[in-house]
Amino acid sequence: MQSLPRNLSDADLLSGIRADGPQRRLYENRLYEKYDYLITDGVRKHRLTDDDCASAYSDAILVVFEHITNDRFKEQSGLKTYLYQIFSNKCVDAIRKKTTNRSSVHEGPSLDDSLLQLPDDVRSVVQQLIMQGDADRLHQHLQRLGDKCRAMLLAWADGYADDDIAQTMNYNSAAVAKTSRLRCFDKLRERYRDTP
Amino acid sequence: MNNLETIENYLTGQLAPADRTRFEATLRTDPALAESLAFYVQTKHVVRAEARKERKAELDALRQTPRQQPAPMRWVAAASVLLLLGLGWLIFRLDNEVPTTAQLTDTYLADTYGQLGTTMSGGTTGTLEQGIDLYNRQQYAEAEAIFTRELNRQTNRSRRSSGSTLKGGLGLASGSDRLLKFTGLAAFQQQKYDVAIKRFQQLGQRTDLFSNPGLFLEALARLKRNEPMDKEQAKKLLGTVINRNLEGKKAAEQLIETL
């Protein structure tokens, strides 16, 4: 993987993140570093600890990554302005969490988003099934799934296309990567179903 | 596995409309398919949360990593400081130090001989005026050609009329001192220093002139040509100009201090 030039413009960062591919992560890291001075501003402005503010900044950056890749960020404002707005909200979340013990109101996409396209009658059935599921146990099985399967599923969940996964993990093609990924999915399902 | 692939294709909008309708119909009647879909969605949510947690840890680690100023930037910074110091020194020198020999030479030449006077005593010819005009318009080559032709013409006429050398033993007529000077200056302006020196030497050897800039101009031409021994000879010439109180004495005094 080749290194990136030191000073990248916002336009370079945006196109690098949108381009997907194995280098996407490098561009994301650069975006994180470019504006991480906001953490210091946040500490001063919101009177949060350095760690709390850094955590809020990371959360904000992750949201921005997501909004860039799914085109929710329309560039109607500058990238820094956009990030700053989300970061401020995350800081407010952190303050709220400390003072009222309430969790964030600015979570990522909710579980229900995937279900919106289902017909109403089917959706309620599927939602009930999900509620009956055990997320903690699923998480434990994921941790024990094996490094390669786990890494592949994490990359997929992180928004990487099968083509990128094939390149990064040395599969011959996107189709082969997809077959392997679905096999990992199936393996996880078997373990989850068979082991209480 | 095909089951999961179809679910994924459905959720990502990759099923054809007919397949989509068929899939939704099957969902209503097949509890196993509904369960698989629920598992897919829940797993994606769990895996995404895990991916996010790991990515966040990576980003936090970025912050912990001390970021070194890249080497090229350090060099740029160092170069900038040196450049500023150099510029400061240059400005200081320009403001406070005496001009260099080359600067003085150029200044004197531009001030004194940048433009030639068109009003001439001693019978100015139309040809000479034309040469002066060309010189003043910085068409030095054309001006030199006219001055040289006129100089040769006057010299030949003078030789024919007297049959011997006149005016300092060079065979030059009265008034040709200006032509020698102009021809030399036109050559000087074209950086043809050898020609200029020859003309100024001829001028300097004239003994019949009330004011003779020949030696001084030769010194300037030698300083500009800057061949071996030129500087030494220019220094001697400037010394002579000063000692004999010749034309250019004041400038010679300034110049000699820089040598």
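Please read all numbers here as calculations on a predicted model, not as lab measurements. (Residues numbered from 1 in each chain as written. Chains lettered and ligands numbered in written order. Predicted model: local features only at pLDDT ≥ 70, side-chain atom pairs only at ≥ 80, totals over all residues.)

A.B. asks: Could you give an account of the overall build of chain A, with specific residues and numbers?
C.D. replies: From N to C terminus, chain A includes 10 helices and zero strands. When its helices and strands are written in sequence order, chain A yields α-α-α-α-α-α-α-α-α-α. Considering chain A as a whole, with its 196 residues, one finds that 29% of them fall into the buried category. Residue pairs in contact within chain A that sit at least 24 positions apart in sequence constitute 48% of those at least 6 positions apart. (Helix = DSSP H or I, 4+ residues; strand = E, 2+ residues; numbered from the N terminus. Buried ≥ 20, exposed ≤ 12 C-beta atoms within 10 Å, placed from the backbone. Contact = placed C-beta atoms within 7 Å.)

A.B. asks: So, the overall build of chain B: which residues are in play, and what are the values?
C.D. replies: Secondary structure summary: chain B contains 12 helices and zero strands in total. The secondary structure elements of chain B, listed N-terminal to C-terminal, are α-α-α-α-α-α-α-α-α-α-α-α. A burial count over chain B gives 29% of its 259 residues as buried. Long-range contacts, defined here as pairs at least 24 residues apart, represent 49% of the contacts in chain B between residues at least 6 apart.

A.B. asks: Any details on the environment of Ile146 of chain B? Residues and values, ideally.
C.D. replies: Residue and element names in this part refer to chain B. Here Ile146 lies in helix H7 (residues 140–162). C-beta crowding within 10 Å serves as the criterion here: with 23 such atoms nearby, Ile146 is assigned to the buried category. For the pair Ile146 and Leu134, spaced 12 residues apart in the sequence, the C-alpha separation amounts to 9.2 Å. Excluding anything up to four places from it in sequence, Ile146 contacts Thr127, Gln130, Gly131 and Leu134.

A.B. asks: Describe helix H4 (residues 50–69) of chain A, listing the residues and the values that go with them.
C.D. replies: Between its terminal C-alpha atoms H4 of chain A stretches 28 Å, which fits the 28 Å expected from 20 residues at 1.5 Å a residue. Looking at the residues trailing H4 of chain A, positive phi occurs at Asp71 of chain A, about 60°. (Expected span 1.5 Å × (residues − 1).)

A.B. asks: Explain the interface of chain A and chain B to me, and be specific about the residues and the numbers.
C.D. replies: Listed per partner, the contact involves 35 residues of chain A and 32 residues of chain B. Where the side of chain A that touches chain B is concerned, the elements lending two or more residues are helix H2 (24–34), H4, helix H6 (120–132), helix H7 (135–143), helix H8 (147–157) and helix H10 (174–194) of chain A. In terms of residue class, the side of chain A that touches chain B is made up of 21 nonpolar, six polar and eight charged. (Nonpolar A, V, L, I, M, F, W, Y, C, P; charged D, E, K, R; others polar.)

A.B. asks: Tell me about unusual backbone geometry, residues and numbers included.
C.D. replies: Within the chain, Asp71 of chain A stands out as a residue other than glycine whose phi angle is a positive 60°. Inspection of the secondary structure puts Asp71 of chain A in the loop between H4 and helix H5 (79–100). We classify Asp71 of chain A as exposed; it has 9 C-beta atoms within 10 Å. Within the chain, Asn245 of chain B stands out as a residue other than glycine whose phi angle is a positive 55°. Its place among the elements puts Asn245 of chain B in the loop between helix H11 (230–243) and helix H12 (249–258). The exposure class of Asn245 of chain B is exposed, given the 7 C-beta atoms found within 10 Å.

A.B. asks: Go over the nonpolar core, please, and point to the residues and values.
C.D. replies: Ranked by internal contacts, the top residues of the largest apolar core, which has 35 residues, are Phe216, Ala219 and Ala221 of chain B. Among the elements of the structure, helix H6 (126–136), H7, helix H8 (176–189), helix H9 (193–204), helix H10 (214–225), H11 and H12 of chain B are those that each provide at least two residues to this core. In this view, Ala221 of chain B contacts Phe188, Tyr193, Ala196, Ile197 and Phe200 of chain B; residues no more than four positions away in its chain are not counted. Within the second largest apolar cluster, 26 residues are counted, among which are Tyr27, Ala56, Tyr57 and Ile61 of chain A. (Core = buried A, V, L, I, M, F, W, Y, C linked by C-beta atoms within 7 Å.)

A.B. asks: Give a description of H6 of chain B that names residues and reports values.
C.D. replies: Owing to its 3.6 residues per turn, the α-helix brings residues three or four apart onto one side. All names here are of chain B. Listing the buried residues of H6 in full gives Leu128, Gly131, Ile132, Leu134 and Tyr135. Projection of H6 onto a plane perpendicular to its axis shows the buried side chains occupying an angular sector of 160°, all on one side. Once H6 ends, the next one or two residues include Gln138, with phi positive near 65°. (Arc of directions from axis to C-beta.)

A.B. asks: Which residues make up the packing of H8 of chain A against H10 of chain A, and what values do they have?
C.D. replies: All names here are of chain A. As a packed pair, H8 and H10 sit with axes 9 Å apart at the nearest point and diverge in direction by 110°. Here H8 lies roughly perpendicular to H10, going by the angle between them. On H10, the residues that touch Cys149, Met152, Leu153 and Trp156 of H8 are Ser180, Arg181, Cys184 and Lys187. In terms of residue class, the contact of H8 with H10 is built from five nonpolar, one polar and two charged. (Axes fitted to C-alpha atoms, helices over the stretch in contact; angles between N-to-C directions. Parallel < 35°, antiparallel > 145°, perpendicular 65-115°, else oblique.)

A.B. asks: Lay out the packing of H6 of chain A against helix H3 (residues 31–64) of chain B in plain terms, naming residues and giving numbers.
C.D. replies: Where H6 of chain A meets H3 of chain B, the axes come as close as 9 Å, and the angle between the chain directions of the two elements is 60°. Handedness of the crossing formed by H6 of chain A with H3 of chain B: right-handed. Contacts from Val122, Val125, Val126, Leu129 and Ile130 of chain A of H6 of chain A reach H3 of chain B at Ala34, Glu35, Leu37, Ala38, Val41 and Gln42 of chain B. Counted by class, the contact of H6 of chain A with H3 of chain B contains nine nonpolar, one polar and one charged residues. (Left-handed = near helix turned anticlockwise from the far one by under 90°.)

A.B. asks: I'd like a rundown of the environment of Phe73 of chain A, residues and numbers included.
C.D. replies: Residues and elements named next belong to chain A. Positionally, Phe73 belongs in the loop between H4 and H5. Overall, Phe73 belongs to the buried group, with 21 C-beta atoms counted inside 10 Å. Sequence-wise, Phe73 and Leu14 are 59 residues apart; in three dimensions their C-alpha atoms are separated by 9.9 Å. Leaving out residues up to four positions away in the same chain, Phe73 has contacts with Val64, His67, Ile68 and Tyr82.

A.B. asks: Please set out the confidence of the model for chain B residue by residue, giving values where relevant.
C.D. replies: Residue and element names in this part refer to chain B. Scored by pLDDT, chain B comes out at a mean of 81, with 83% of its residues at no less than 70. Averaged pLDDT values over the elements of chain B bottom out at 71 in helix H4 (residues 71–96) and peak at 92 in helix H2 (residues 17–29). Low pLDDT, under 50, characterises residues 164–169; the predicted model gives this stretch 14 contacts beyond four residues in sequence or across chains. Across the whole predicted complex the pTM is 0.52, and at the interface the ipTM reaches 0.83. (pLDDT = per-residue confidence, 0-100.)

A.B. asks: If you had to explain the environment of Asn89 of chain A to someone new, which residues and values would you point to?
C.D. replies: When you line up the elements, Asn89 of chain A lands in helix H5. Linking Asn89 of chain A and Ala56 of chain A, residues 33 residues apart in sequence, is a C-alpha distance of 8.6 Å.

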